[in-house]
Amino acid sequence: MLLNVQSAGCKKIILIMLLAYVLLFLNAGGVSAHGVELEFTERSTVEVTARYDSGDPMAGAQVAVFAPGSPAEPWLTGVCDSSGRFFFVPDPAIPGLWEVQVRLAGHGGLIRIELAEGNIEPSRSTGFSGLQILIMAAAVIWGFVGTALFYSRKRA
Amino acid sequence: MGKVGLLFLVSLLLLALFIPVGCAVETPENDSPDEDEIIEDSVESGILIINANGEEFIREGFTSKDGWDLSFDQAYVTVGNIKAYQSDPPYDTDQGWDIEYNTMMEVSGIYNANLADPASDPYQLAVLADVPAGHYNAISWQMLRAADGPSEGYSLFLTGQAEKDGVIIDFTLGIEQEVAYLGGDYVGDERKGIVTSGGTADLEMTFHFDHLFGDGDEDIDDPLNLGALGFEPLAALAVDGVVQADFATLSETLNSDHYALLVAVLTHLAHVGEGHCLAEFIN
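Conventions and cut-offs
- Residues numbered from 1 in each chain as written.
- Chains lettered and ligands numbered in written order.
- Predicted model: local features only at pLDDT ≥ 70, side-chain atom pairs only at ≥ 80, totals over all residues.
- Heavy atoms only, no water.
- Helix = DSSP H or I, 4+ residues; strand = E, 2+ residues; numbered from the N terminus.
- Buried < 20%, exposed > 50% of the residue type's maximum accessible area, 1.4 Å probe, protein only.
- Contact = heavy atoms within 4.5 Å.
- Areas by Shrake-Rupley, 256 points an atom, 1.4 Å probe, with all protein chains shown as cover.
- Phe/Tyr/Trp six-rings, centres within 6.5 Å; stacked < 30°, edge-to-face > 60°.
- Lys NZ or Arg CZ within 6 Å of the ring centre and 35° of its normal.
- Expected span 1.5 Å × (residues − 1).
- Arc of directions from axis to C-beta.
- Polar contact = N/O pair within 3.5 Å; in protein donor to acceptor, adjacent residues only side chain to side chain.
- Pairing = 2+ DSSP bridges.
- Axes fitted to C-alpha atoms, helices over the stretch in contact; angles between N-to-C directions.
- Core = buried A, V, L, I, M, F, W, Y, C linked by side-chain atoms within 4.5 Å.
- pLDDT = per-residue confidence, 0-100.

Comments concerning the overall build of chain B
Counting its secondary structure elements, chain B contains seven helices and 15 strands. Out of the 283 residues belonging to chain B, those deemed buried represent 48%. Across chain B, every contact between residues at least 6 apart in sequence was considered, and the portion connecting residues at least 24 apart equals 75%. A total of about 13000 Å² of accessible surface is found on chain B, and carbon and sulfur atoms cover 48% of it.

Structure (C-alpha cells):
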C-alpha cells in the first residue's frame, strides 16, 4: 500500500515535470505576439581622430572607410564630430587592412588599420555572465524540485 | 529508488538541458572575406595615366589671403623622374624616403606643363600601356629646371596679374630650385591608381597654389593661411606696377620670415589630391 502511494506520488512528479517542460518550450518558442526580444553584440570599435598639424580638430571632416579588398568603393561614409573623432565598427568577417580617408576644405589624409581576425572576432551574448546563467538555471531546477516535493508530500 | 533519488535524477536531467544553452551563448562566426573582391592580379595588365593638376585656383584665379585678386596667364611646372608604385606595405610619408613595393613603373622623359591653361583639367603627362594590374598607391617625381620653352631655367614659373583696391601688378615669378616629391595614396573624391585587367586608371600630382598665396575665402588664422606667403610681400617689390623675380632674387629681397615661408611652401606645394607629400630640395 505504501508502495502504491509512492508510485502515485512519482506519477504526480512526472506529470508536473512534463507540464513544466511544455511550459518551458512554449516560452522558448516565443509565441507571445507582443513579446520583445533584445539582443546585443560586443564588437571592437575603431576610433579615428583627425587633427590639423596645428593640433586643431578637423570638426565636420568627411570620412570614407574602405574595407580590405575593396579600395574603390567606400564601405562606410560619415562625418567627424566636433572633436575630430569618428567611430566605426568594422565587419568582423573582413579581416585585413582597413583604410580611412578624412578630408576637409582641401586638407586630407588616409590612415590604415590592420585588423586581424582575432581582434575583431564577434561574440554573441545574452547580456548575462556565465555565473549568472548558472545561478538562474539552478534556481529554476530547484523550483521544479520544490514543487514536486510539495505535491508528493505525505498527507496527514 | 526512493523519492529523493528520483528527484535527484530529474534535477540532473534539467541541468543537462540548461548547460548546452549556456555554452551556446558565445559562438564565433566563421565567415571569410569574399575573395572575388580582391583585385590583386599581377598577371593581367591595364593602362595607367599620369596627370598633373593645379586645380581651379590656378586655372580660374583666386583671392590671396591678403586680399589680392590673382589671375594667371602661365603656371609652368617641369617634372621628370616620375615613378608609380604598388607599394607594400602601402606607403605613408611617415616612413620617410624608404618605400617598399611589389611593382614600380618608371616614366621616361621630362614634361613641361602649363597648369594655368583652362584645358589642363588635369594636364596629361604620360600614358603607360600594359602596366601590371593592381593598386598604384604611391608616386614620386622631381620638379626640375626646364631646359627650354617659356619657363626655361625654372622648375616653377608663374606669370599673371594681381589687383587690389585699384592697384594692378603684373608679376613674373621664376623658381629655379629643384624639388623631389614622394606621395602615397591619392586623397580625394575618388580613389585613383587602381588598374584592373584591361582597365584604365590615373594617378595625379596635385599642385596647391593656395599654399603659396593663401586663400582669402578662409580665415586668416586658418593653418593654410598661416603657412602661406601671400602676395603682399611680393607686391612690396613692385617697380612701376611690375614684379619680376626669381628664387635667388627673392632670397635677398624678401625679409627672413617671408623667405622662410617661401622655402617651406615649396616643400608642401605638391600633393596627391589632398594628401601631403614628402619633399626635399635637390641639386
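Some words on the environment of Ala 52 of chain B
Residue and element names in this part refer to chain B. One can find Ala 52 in strand 1 (residues 45–53). With a relative accessible area of 1%, Ala 52 lands in the buried category. With 66 residues separating them along the chain, Ala 52 and Pro 118 place their C-alpha atoms 13 Å apart. With residues up to four places along the chain from it excluded, the contact list for Ala 52 reads Leu 115, Pro 122, Tyr 123, Leu 125, Met 205 and Phe 207.

What to know about the packing of aromatic side chains
Enumeration over the complete set of coordinates arrives at 17 aromatic pairs over all chains. A ring pair is formed by Phe 213 of chain B and Phe 231 of chain B, whose centres lie 6.1 Å apart and whose planes are at 45 degrees; its orientation type is tilted. With Phe 213 of chain B in helix 3 (residues 210–213) and Phe 231 of chain B in the loop between helix 4 (223–226) and helix 5 (232–235), this residue pair connects regions lying 18 residues apart in the sequence. Per residue, the accessibility class of Phe 213 of chain B equals that of Phe 231 of chain B, and both read buried. When the ring of Phe 247 of chain B is compared with that of Tyr 259 of chain B, the centres are 5.6 Å apart and the planes differ by 35 degrees; the resulting orientation is tilted. Highlighted residues: Phe 247 of chain B in helix 6 (residues 247–253) and Tyr 259 of chain B in helix 7 (residues 256–268), separated in sequence by twelve residues. Take Tyr 259 of chain B: its relative accessible area is 23%, and that puts it in the partly exposed class. In textbook terms, an aromatic cluster arises when at least three aromatic residues are bridged by ring pairs, as seen for Phe 57, Phe 62, Trp 68, Phe 72, Phe 171, Phe 213 and Phe 231 of chain B. The side chain of Arg 191 of chain B reaches across the aromatic face of Phe 66 of chain A, ending 4.3 Å from its centre. Of note, Lys 192 of chain B hangs over the ring of Tyr 186 of chain B, and the distance from its end group to the ring centre comes to 5.1 Å.

As for helix 7 of chain B
All names here are of chain B. Spanning 13 residues, helix 7 covers 19 Å between terminal C-alpha atoms, matching the ideal 18 Å at 1.5 Å per step. Considered for burial, the residues of helix 7 that qualify are Leu 262, Val 265 and Leu 266. Taken end-on, helix 7 shows its buried residues confined to a sector of 100 degrees, consistent with a single buried face. When the buried face of helix 7 is taken as reference, the exposed residues oriented beyond 90 degrees from it are Ser 256 and Asp 257. The elements touched by buried residues of helix 7 are strand 8 (156–164), strand 9 (167–175), strand 10 (178–183), helix 3, helix 6 and strand 15 (275–282). Capping of helix 7 at its N-terminal end is provided by Asn 255; its side-chain oxygen lies 3.0 Å from the backbone amide nitrogen of Asp 257.

Some details on the side chain of His 208 of chain B
Counting through the fold element by element, His 208 of chain B comes out in the loop between strand 12 (200–207) and helix 3. Overall, His 208 of chain B belongs to the buried group, its relative accessible area being 2%.

Describing the sheet that holds strand 4 (residues 76–79) of chain A
Residue and element names in this part refer to chain A. Strand order in this open sheet of four strands is 4-3-6-7, and the pairing throughout is antiparallel. One side of each edge strand has no neighbouring strand; the edge strands of this open sheet are strand 4 and strand 7 (107–115). Strand-to-strand twist in this sheet, taken as the mean axis angle between neighbours without regard to direction, amounts to 20 degrees. Strand direction decides the pairing type here: strand 3 (residues 62–66) and strand 6 (residues 96–104), joined by five bridges, are antiparallel. Bridge pairing links Val 63 to Val 102 in strand 6.

What to know about unusual backbone geometry
Residues and elements named next belong to chain B. In this chain, Asp 88 is followed by Pro 89 through a cis amide linkage whose omega measures 5 degrees. For Pro 89, the location among the structural elements is in the loop between strand 3 (69–87) and strand 4 (101–114). Positive phi values are uncommon outside glycine, yet Asp 165 reaches one of about 50 degrees. Tracing the backbone shows Asp 165 in the loop between strand 8 and strand 9.

Overview of the nonpolar core
Ranked by size, the top nonpolar core spans 58 residues in total, and within it Ile 50 and Phe 207 of chain B carry the most contacts. The element that contributes the greatest number of residues to this core is strand 3 of chain B, accounting for seven residues.

Comments concerning the environment of Leu 104 of chain A
All names here are of chain A. Among the structural elements, Leu 104 can be located in strand 6. Taking C-alpha positions, Leu 104 is 7.5 Å from Gly 60, a pair spaced 44 residues apart along the chain. Excluding residues within four positions of it along the chain, Leu 104 makes contact with Tyr 52, Met 58, Ala 59, Gly 60 and Ala 61.

Description of the confidence of the model for chain B
Parts of the prediction with low pLDDT should not have their coordinates interpreted in detail. All names here are of chain B. For chain B, mean pLDDT is 89; residues scoring 70 or higher make up 85% of the total. Below pLDDT 50 for its whole length, residues 19–42 participates in 31 contacts with residues either more than four positions away or in separate chains. Per the prediction output, this complex has pTM 0.73; the corresponding ipTM is 0.74.

A word on the pairing of strand 15 of chain B
Residue and element names in this part refer to chain B. Sheet topology note: the strand 10/strand 15 ladder contains six bridges and is antiparallel. Within strand 15, the position partnered with Leu 182 by the bridge is Leu 278. Summarising the sheet, strand 14 (residues 270–272) and strand 15 pair through two bridges and their orientation is antiparallel. From the neighbouring strand, His 271 faces strand 15, where its bridge partner is His 276.

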